[in-house]
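The lines below spell out each chain.
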Amino acid sequence: MATTITPVPVPAKRARKSGADRPARTLLSPWTLKRTRGKVGYWLVFVLVFALFTAAFVVPLVWMLLGAMKSAPELARTPPTLLPDHFNVTTYKEAWDFMELAGYFRNTVIVAAGAWLLQLAVCVPAAYALSKLRPVLGKWVLALMLATLMLPASALLVPTYLTITEVPIVHVNLINSPAAIWLPAAANAFNIYLLKRFFDQIPTELLDAARIDGAGSVTTMVRIVLPLSRPILAVVSIFAIVAAWKDFIWPLLVLQDPNIQTLSVALQRFEPDTPINLMLAGLVLASIPMVVAFLVFQRQILAGLTAGSLKG
């Protein structure tokens, strides 16, 4: 008599949920958000937090913009007025001529452009080597570089200044030279880390295919890695330019000649002898290039900050 063996079904391995099927993690559960009280509380907190953050960032800018169009007596009035009695737009032209801002704008552009180019020339190859070439003790080198971010900037002022006054080996004094700002800004540990994290997400197969075709490490970096890294390069570029544009303490120490000073140092030097409305106008004019740069490149900045943060 033949016996029939019925196979026992084996439970299949549970498939991993994709990002679309994975439930969202929020402070409030979906069940709470479906209730009227939950919806009202959620939107009330959201609008309140959004309004507070907007006020904290926008109100000082609006106050500076409107204050520049007021007269000096109106700015000193108590209680202060929100809107000027007369919108005097010519204050900006008066500030431009009174403080001779054209020359200081030129100096700041030279300093920011040089710091940006030199920083890319150093940080990009360093991040590429740590990410793709995997040198000996590369992890230790990266860890030591990141450890420098734990040091306060004021603790590095004295050793950096002593190095600039007498550069090792060549024994050159870089005081009153834009190179005094370019060289210390060249190796930025934070930007190197950002670039390395992005380079880690580039498939190794692309680099292997380039090497099979006879491309060297430099050619692979220039022709393969850099075209794929435009978002993060835009982020690093904005960080480098903004840091050089708004820096005050270091340019104040190394650029002692008034003719080569940057905007931030020049505005501080003019402050005691300049009417307050003209000083506010000068601050607005000094802020415009960075605000415009962010508005133009905000999509690339956000794309670069989020790219490589998630693995699909």
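Asks: Explanation requested: the packing of aromatic side chains in the structure shown.
Replies: For any two aromatic rings, the description comes down to two numbers: the centre-to-centre distance and the angle of the planes. Enumeration over the complete set of coordinates arrives at 6 aromatic pairs. A centroid spacing of 5.6 Å and a plane angle of 85 degrees characterise the contact between W43 and F46, whose relative ring orientation is edge-to-face. Highlighted residues: W43 and F46, both in helix 2 (residues 36–67), separated by 3 residues, approximately one helical turn. With centroids separated by 6.1 Å and ring planes inclined at 80 degrees, the aromatic side chains of Y104 and F270 adopt a geometry described as edge-to-face. Here Y104, found in helix 5 (residues 101–133), pairs with F270, found in helix 14 (residues 263–270); they are 166 residues apart in sequence, far enough to count as distant.

Asks: I keep staring at the packing of helix 9 (residues 189–200) against helix 12 (residues 230–246) and nothing clicks. Help me out?
Replies: Two quantities define a packed helix pair, namely the angle between the helix axes and the distance between the axes. It is the contact of helix 9 with helix 12, at a shortest axis distance of 10 Å, that shows an interaxial angle of 175 degrees. Classed by the angle they form, the pair helix 9 and helix 12 counts as roughly antiparallel. Listed contacts from helix 12 to F190, N191, L194, L195 and F198 of helix 9 are I232, L233, V235, V236 and F239. A per-class count over the contact of helix 9 with helix 12 returns 9 nonpolar, 1 polar and no charged.

Asks: What exactly am I supposed to notice about the pattern of salt bridges here?
Replies: In this structure the tally under the stated criterion is 3 salt bridges. Residue D97 is joined to K93 by a salt bridge in which the shortest nitrogen-to-oxygen separation is 3.0 Å. Pair noted here: D97 and K93 are both in helix 4 (residues 90–98), with a separation of 4 residues, about one helical turn. Classification of D97 as partly exposed rests on a relative accessible area of 43%. The exposure class assigned to K93 is exposed, which follows from its relative accessible area of 58%. Its salt-bridge partner being D200, residue K196 comes within 3.0 Å of it at the nearest N-O pair. Here the residue K196 and the residue D200 both occupy positions in helix 9, the gap between them amounting to 4 residues, near one helical turn.

Criteria and cut-off values
- Residues numbered from 1 in each chain as written.
- Predicted model: local features only at pLDDT ≥ 70, side-chain atom pairs only at ≥ 80, totals over all residues.
- Heavy atoms only, no water.
- Phe/Tyr/Trp six-rings, centres within 6.5 Å; stacked < 30°, edge-to-face > 60°.
- Helix = DSSP H or I, 4+ residues; strand = E, 2+ residues; numbered from the N terminus.
- Axes fitted to C-alpha atoms, helices over the stretch in contact; angles between N-to-C directions.
- Parallel < 35°, antiparallel > 145°, perpendicular 65-115°, else oblique.
- Contact = heavy atoms within 4.5 Å.
- Nonpolar A, V, L, I, M, F, W, Y, C, P; charged D, E, K, R; others polar.
- Salt bridge = Lys/Arg side-chain N within 4 Å of Asp/Glu carboxyl O.
- Buried < 20%, exposed > 50% of the residue type's maximum accessible area, 1.4 Å probe, protein only.

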